[in-house]
Amino acid sequence: MTELARSRGIGLHTADEVRAAEEPLLAATAPGALMQRAAAGLATVCLRLLGDTYGRRVALLVGTGNNGGDALFAGARLAARGARVSAVLLDAERVHGPALAALRRAGGRVLPAGAAGVEATVTRADLVLDGMLGIGGSGGLRPPAARLAGLAANGAGITVAVDVPSGVDASTGAVEGAAFPAMHTVTFGAVKLGLVVGEGRSLAGQVHLVDIGLELPAATVRQLADPDVAARLEPPSAGDDKYSQGVVGIVAGSSAYPGAGVLCTGAALRTRPGLVRYAGTAADGVRAAWPEAIVTDGRPGDAGRVQAWVVGPGMGTDDAARSVLAEVLATDLPVLVDADALTMLAEQPELVRNRTAGTLLTPHDGEFGRFGAGRGGVGADRVAAARRLAADLGCTVLLKGDATVVADADGTAFVNGTGTPWLATAGTGDVLSGIAGALLATGLPAVEAGAAAAHLHGRAGQLAARRGPLLAGDLVRRLPEAVGRVHGPGPAGLGDSGP
Ligand SMILES: NC(=O)C1=CN([C@@H]2O[C@H](COP(=O)(O)OP(=O)(O)OC[C@H]3O[C@@H](n4cnc5c(N)ncnc54)[C@H](OP(=O)(O)O)[C@@H]3O)[C@@H](O)[C@H]2O)[C@@H](O)CC1
Ligand SMILES: [K+]
């Protein structure tokens, strides 16, 4: 097995996939055994978070399904360790009976959601466990559940979601109205896709996976970790020269606005310093900033041989820009299309439909909406949106966001896990394009190059944000450290310990 095949990242699964995997396991195990595994794992995480359990106040928010059962059984385990546990029931008539009995046996207190003491119970708890809704939830939280989520948000305790924060769609991360704001989510059997994408990402907090013995099909959506990205960044070998490490050509910026060309070229150089070529009207600015680049103010065809192109950031949308875009897309090389080039491409999508080499489009939500398949906007399901545009154009789509999604025309997708809100800054997209273009030139398939680039970009952002507000140029400066970070400290134990 190759290094790349081994480093496939963490699988992310939908609620339907988890349900399908649960069925045979439920049939093959004793009744209630899976719930006991879930509750034991949940209680272990809560014990770790609480530290000393004796006398600590724990509030359970309990819904009508098995998610509530998990919370009650875990609460019984915490009560047995000396915690003062109170269960707030959304519906006292419909609650997991054996789990409620277990909590009562362990000395837990039970009160209905409408009782007078609920507000104090939830807001003064040291830990609030959200067992209102799991993968069986749908639509926005109903009012009693929404009220409890609000109390937990205003309380002082550690907030822990059981399987999924209530109100978050487990498969898409979408939220309609209120949701439980979790500092931690303890999830069972598989990491649900909705915990890492869309609004779900910030509501889930830190995700803890408890193994309950589920056997899932190979995931079609994955998240790369540092070692997975390292496996995609082949370091130069002894026999390499400046041409053999992958040469990227950059078409970005303009004479009036050279910044995008400078940032994009710099990011490519800092990712794969072997050789970067630049062709465009920001040539003077790029030459001054990056004497290491080979620069021409001519057309792409004048730049010399490259293995991949980046086209678009800050290049404008005039006739000259349109003709340059058409020239680059007519090559049989991988091309990354960003910013102004996306605006032009949305008017002429046929330019990419029949390309044989990889094409990586990197839209933000606004640019996404300009394409036919993107009309109506990205919507609540960001993975489905990226897949839709990729399938329509036969391309790879990197949809930027808090958790960037990269999807291929065949449905293979990655959700990025690194980054910081500080990345929402002018010019950071130009940097991402330079990184991804440099990786495309090394021969990585577009979906892999996009996923690895998003990860590196987020890591560079995290490193830069340690010093406060970041500028796009700070990302470029931090890229070598981000590359070093994903490779790890190495055998000698030297290197930056990271953020
Ligand atoms: N299966 C297994 O082996 C294992 C499963 N496990 C656990 O089970 C969980 C799945 O359990 P589940 O299927 O019982 O569904 P669950 O998420 O508890 O919710 C269903 C209830 O919610 C209600 N409801 C729905 N929408 C709502 C809304 N918007 N606002 C308010 N209420 C709403 C709905 O009510 P109804 O619509 O019927 O009135 C229904 O009664 C899973 O996430 C994991 O924690 C683990 O123990 C491991 C083993
Ligand atoms: K929950």
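Nothing here was measured: the structure is a model prediction, and the numbers come from that model.

Basis of the calculations
- Residues numbered from 1 in each chain as written.
- Chains lettered and ligands numbered in written order.
- Predicted model: local features only at pLDDT ≥ 70, side-chain atom pairs only at ≥ 80, totals over all residues.
- Helix = DSSP H or I, 4+ residues; strand = E, 2+ residues; numbered from the N terminus.
- Expected span 1.5 Å × (residues − 1).
- Buried ≥ 20, exposed ≤ 12 C-beta atoms within 10 Å, placed from the backbone.
- Arc of directions from axis to C-beta.
- Contact = placed C-beta atoms within 7 Å.
- Domains from an automatic or database assignment.
- Nonpolar A, V, L, I, M, F, W, Y, C, P; charged D, E, K, R; others polar.
- Pairing = 2+ DSSP bridges.
- Axes fitted to C-alpha atoms, helices over the stretch in contact; angles between N-to-C directions.
- Parallel < 35°, antiparallel > 145°, perpendicular 65-115°, else oblique.
- Left-handed = near helix turned anticlockwise from the far one by under 90°.
- Near = placed C-beta within 6 Å.
- UniProt positions renumbered as here; feature names shortened; annotations may be inferred.

**Observations regarding helix H7 (residues 143-154)**
Part 1: Helix length check: H7 (12 residues) gives 17 Å between terminal C-alpha atoms against 16 Å at 1.5 Å per residue, within 8%.
Part 2: Within H7 the residues assigned to the buried category are Ala-145, Leu-148, Ala-149 and Ala-152. Projection of H7 onto a plane perpendicular to its axis shows the buried side chains occupying an angular sector of 100°, all on one side. The outward face of H7, more than 90 degrees from its buried face, is lined by the exposed residues Pro-143 and Asn-154.
Part 3: Where H7 is buried, its residues touch strand E2 (57-62), strand E3 (84-89), helix H6 (118-123), strand E5 (127-131) and strand E6 (158-162).

**Some remarks on the domain arrangement of the protein**
Part 1: When its domains are assigned, the protein resolves into domain 1 (10-219) and domain 2 (226-487).
Part 2: The gap between the C-alpha centroids of domain 1 and domain 2 is 40 Å.
Part 3: Each side of the interface is counted separately: domain 1 has 8 residues, and domain 2 has 9 residues.
Part 4: Each residue belonging to the side of domain 1 that touches domain 2 can be placed in one class, and the counts come to 5 nonpolar, 2 polar and 1 charged.

**A closer look at helix H18 (residues 446-465)**
Part 1: Taking 1.5 Å as the rise per residue, H18 with 20 residues should run 28 Å; its terminal C-alpha atoms sit 28 Å apart, in good agreement.
Part 2: Burial within H18 is extensive, with 19 of its 20 residues counted as buried.

**A word on the sheet that holds E5**
Part 1: The sheet built from 7 strands is open, its strands ordered E4-E3-E2-E5-E6-E7-E9 with parallel pairing. The strands lining the two open edges of the sheet, one partner per strand, are strand E4 (109-112) and strand E9 (206-210). With strand direction ignored, the average angle separating the axes of adjacent strands in the sheet is 20°.
Part 2: Sheet topology note: the E2/E3 ladder contains 6 bridges and is parallel.

**Overview of the packing of helix H10 (residues 259-271) against helix H17 (residues 428-441)**
Part 1: It is at 7 Å that the axes of H10 and H17 come closest, and there the two elements cross at 40°. Between H10 and H17, the angle falls in the class oblique. Relative to H17, the crossing made by H10 is right-handed. Counted together, Ala-260, Leu-263, Cys-264, Thr-265, Gly-266, Ala-267, Ala-268 and Thr-271 of H10 and Asp-430, Val-431, Ser-433, Gly-434, Ile-435, Gly-437, Ala-438 and Leu-439 of H17 form the full contact between these two elements.
Part 2: Its residues placed into classes, the contact of H10 with H17 shows 9 nonpolar, 6 polar and 1 charged.

**Quick notes on the pairing of E4**
Part 1: Note: E3 against E4, 4 bridges, orientation parallel. Counted as the bridge partner of Val-88 is Leu-111 from E4.

**Some words on the sheet that holds strand E11 (residues 248-251)**
Part 1: Overall, mixed pairing links the 12 strands, which are arranged E8-E1-E10-E19-E18-E17-E16-E15-E14-E11-E12-E13 in an open sheet. Sheet topology places strand E8 (191-192) and strand E13 (294-296) at the edges, where each strand pairs with a single neighbour.
Part 2: Summarising the sheet, strand E17 (residues 396-399) and strand E18 (residues 405-407) pair through 3 bridges and their orientation is antiparallel. Directly across from Leu-398, in E18, lies its bridge partner Val-406.
Part 3: Sitting on the sheet, H18 touches strand E16 (359-361), E17, E18 and strand E19 (413-415), and the angle it makes with E17 is about 15°.

**A few points about the site of ligand 1**
Part 1: As a matter of local geometry, ligand 1 sits amid 27 residues, with Gly-65, Asn-66, Asn-67, Gly-134 and Gly-136 nearest to it.
Part 2: Taken together, the elements giving at least two residues each to the shell around ligand 1 come down to helix H2 (15-28), helix H3 (33-50) and helix H4 (66-80).
Part 3: At 4 residues, the largest contribution of residues to the shell around ligand 1 is made by H4.
Part 4: The residue inventory of the shell around ligand 1, partitioned by class, reads 11 nonpolar, 12 polar and 4 charged.

**A word on the environment of Arg-353**
Part 1: Inspection of the secondary structure assignment puts Arg-353 in helix H14 (residues 350-353).
Part 2: Between the C-alpha atom of Arg-353 and that of Cys-395, which follows or precedes it by 42 residues, the distance is 7.5 Å.
Part 3: Residue contacts for Arg-353: discarding those within four places in its chain leaves Leu-393 and Gly-394.

**Quick word on the UniProt feature "binding site: K(+)" (unreviewed entry) in the protein**
Part 1: Per the UniProt record, the feature "binding site: K(+)" (unreviewed entry) sits at Asn-67, Asp-130 and Ser-166. Across 100 residues of sequence, these annotated residues stay compact in space, with a maximum C-alpha separation of 9.7 Å.
Part 2: Along the chain, Asp-130 falls in strand E5.
Part 3: Classification of Asp-130 by C-beta neighbours within 10 Å gives buried; the count is 32.
Part 4: In this structure, Asp-130 is in contact with Leu-61, Ala-152, Thr-159, Val-160, Ala-161, Val-162, Pro-165, Ser-166, Phe-180 and Ala-182, ignoring residues within four places of it in sequence.
Part 5: Along the chain, Ser-166 turns up in the loop between E6 and strand E7 (184-188).
Part 6: When residues no more than four places from it in sequence are discounted, the contact partners of Ser-166 are Asp-130, Met-132, Leu-133, Gly-137, Leu-141, Ala-145, Ala-149, Ala-179 and Phe-180.

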